[in-house]
Amino acid sequence: MTIINNRFANKVAIVTGGASGIGYAIAERLIQEGASVVAADLNIERLQAIQAQLGERFYGVKANVTVEADAANLVSAAVERFGGLQLAFNVAGASKAGVITELSESDWDFTVDLCMKGVFLCMKHQALQMAKQGGGSIVNVASLNAQVPMYAGSAYASAKAGVDMLTKNGALEMARSGIRVNAILPGLIETPLTADLLKQEDIKAAYMERIPMKRAAKPEEMTGPALFLASEDAGYVNGASLIVDGGWATSGYPDLSRWF
Ligand SMILES: NC(=O)c1ccc[n+]([C@@H]2O[C@H](COP(=O)([O-])OP(=O)(O)OC[C@H]3O[C@@H](n4cnc5c(N)ncnc54)[C@H](O)[C@@H]3O)[C@@H](O)[C@H]2O)c1
């Protein structure tokens with residue numbers, strides 16, 4: 001993808017989960033469009049390798065988004081290294097699957113803490129800094145599962161629905177501080193998170209039956225929607241849930257196409 005504008009010049013962004021998949025793609029594109037990026041992840045080795053590749057405007061910080069001190073430290077790192085914070089992308093997430101009757105308390109806690117509490121803690125500290133500076137823009141990465149349940153995915157879908165509502169609550173509370181808060185809800189994206197699943201042809205086929213575009217997205221295809229929401233072009237967009245799923249959300253009905 002060739003990027004021709006510099007719309008985030010002199011802006012500082014935090015990207016959580018920046019070592020892989022969607023977070024990495026967002027961080028890379030922010031750098032291409034002129035921003036400085038503090039990327040947070042548990043995987044510091046990968047962050048260091050990315051820093052060597054993307055240069056001085058990328059700074060990797062080891063952080064666990066479920067720990068409040070780490071969320072606060074991330075914001076301090078952005079201020080100390082690059083002088084402030086205008087943009088934040090809360091992307092880190094993963095899940096442990098299981099049907100409700102078999103899901104352990106620890107698997108529930110792992111998933112809900114990472115996907116929902118992590119976003120709360122990061123938003124809290126990002127917004128405190130942005131408010132001091134007169135405003136900013138936060139984009140949370142939820143999932144289509146915020147609106148659509150998934151077999152054996154109760155913890156993940158519940159947490160992602162929570163992220164969607166946290167986004168709207170943030171939009172309501174933070175507008176007075178000049179901060180907009182929006183979310184993207186990705187469908188099926190080719191990242192390390194879904195690699196094993198997509199290797200299984202029968203499971204992949206079941207997904208493709210539902211996805212009208214008949215393919216998963218590349219992580220780079222999440223960057224346009226996410227950066228649009230962060231940008232001035234979306235200056236009056238606040239509390240939005242932007243589904244980016246190739247039309248998957250439309251296909252709850254069986255596929256009737258063979259009869260037409
Ligand atoms: N891949 C998909 O199909 C898909 C679909 C919808 C939503 N999402 C969401 O997009 C986000 C990114 O997913 P991805 O597919 O790029 O996954 P990924 O596994 O490629 O990247 C996730 C990153 O988050 C980091 N991470 C995990 N726990 C962390 C923690 N406690 N603190 C800091 N960092 C942590 C991981 O080290 C990893 O680098 C997740 O929130 C995921 O739920 C993904």
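See above for the structure.
Residues numbered from 1 in each chain as written. Predicted model: local features only at pLDDT ≥ 70, side-chain atom pairs only at ≥ 80, totals over all residues. Heavy atoms only, no water.

1. A closer look at the environment of Lys 96
Within the secondary structure, Lys 96 sits in the loop between strand 4 (87–90) and helix 4 (105–133). Taking the C-alpha atoms as reference points, Lys 96 and Trp 108, twelve residues apart in sequence, are found 7.4 Å from one another. Those residues in contact with Lys 96 that sit more than four places away from it in its chain are Leu 103, Asp 107, Phe 110 and Thr 111. (Helix = DSSP H or I, 4+ residues; strand = E, 2+ residues; numbered from the N terminus. Contact = heavy atoms within 4.5 Å.)

2. Regarding the side chain of Ser 143
Positionally, Ser 143 belongs in the loop between strand 5 (136–141) and helix 5 (154–174). With relative accessibility at 4%, the residue Ser 143 sits in the buried group. At a separation of 2.9 Å, a polar atom in the side chain of Ser 143 contacts the main-chain amide nitrogen of Asn 145. (Buried < 20%, exposed > 50% of the residue type's maximum accessible area, 1.4 Å probe, protein only. Polar contact = N/O pair within 3.5 Å; in protein donor to acceptor, adjacent residues only side chain to side chain.)

3. A word on the sheet that holds strand 5
The sheet built from seven strands is open, its strands ordered 3-2-1-4-5-6-7 with parallel pairing. Here the strands that pair on one side only, and so sit at the sheet edges, are strand 3 (58–62) and strand 7 (241–244). Mean inter-strand twist for the sheet, computed between neighbouring axes without regard to direction, equals 20°. In terms of strand pairing, strand 6 (residues 179–186) meets strand 7 through four bridges, oriented parallel. By the bridge assignment for strand 7, Leu 185 is matched with Ile 243. Contacting strand 1 (12–16), strand 4, strand 5 and strand 6, helix 4 runs over the sheet at an angle of about 170° to strand 5. The strands that helix 5 touches are strand 5, strand 6 and strand 7; relative to strand 6, the one it contacts most, it runs at about 160°. (Pairing = 2+ DSSP bridges. Axes fitted to C-alpha atoms, helices over the stretch in contact; angles between N-to-C directions.)

4. Looking at the packing of helix 4 against helix 5
Direction vectors running N to C along helix 4 and helix 5 enclose 15°, while the axes themselves pass 8 Å from each other. Taken together, the axes of helix 4 and helix 5 lie roughly parallel to each other. Crossing of helix 4 against helix 5: the hand is right-handed. On the side of helix 4, the interface is formed by Trp 108, Thr 111, Val 112, Cys 115, Met 116, Val 119, Phe 120, Met 123 and Ala 127, while helix 5 contributes Ser 154, Ala 155, Tyr 156, Ser 158, Ala 159, Lys 160, Gly 162, Val 163, Leu 166, Gly 170 and Met 174. (Parallel < 35°, antiparallel > 145°, perpendicular 65-115°, else oblique. Left-handed = near helix turned anticlockwise from the far one by under 90°.)

5. Some details on the pattern of salt bridges
Taken as a whole and judged by the stated rule, the model has six salt bridges. Between Glu 33 and Arg 7 there is a salt bridge; the shortest N-O distance is 2.6 Å. Residue Glu 33 is found in the loop between helix 1 (21–32) and strand 2 (36–41), and its partner Arg 7 is found in the segment before strand 1; the two are separated by 26 residues along the sequence. Under the relative-accessibility criterion, Arg 7 is labelled partly exposed at 29%. One salt bridge in this structure joins Lys 124 and Glu 68, with 2.8 Å as the shortest N-O distance. In this pair, Lys 124 is assigned in helix 4 and Glu 68 in helix 3 (residues 68–82), connecting sequence segments 56 residues apart. (Salt bridge = Lys/Arg side-chain N within 4 Å of Asp/Glu carboxyl O.)

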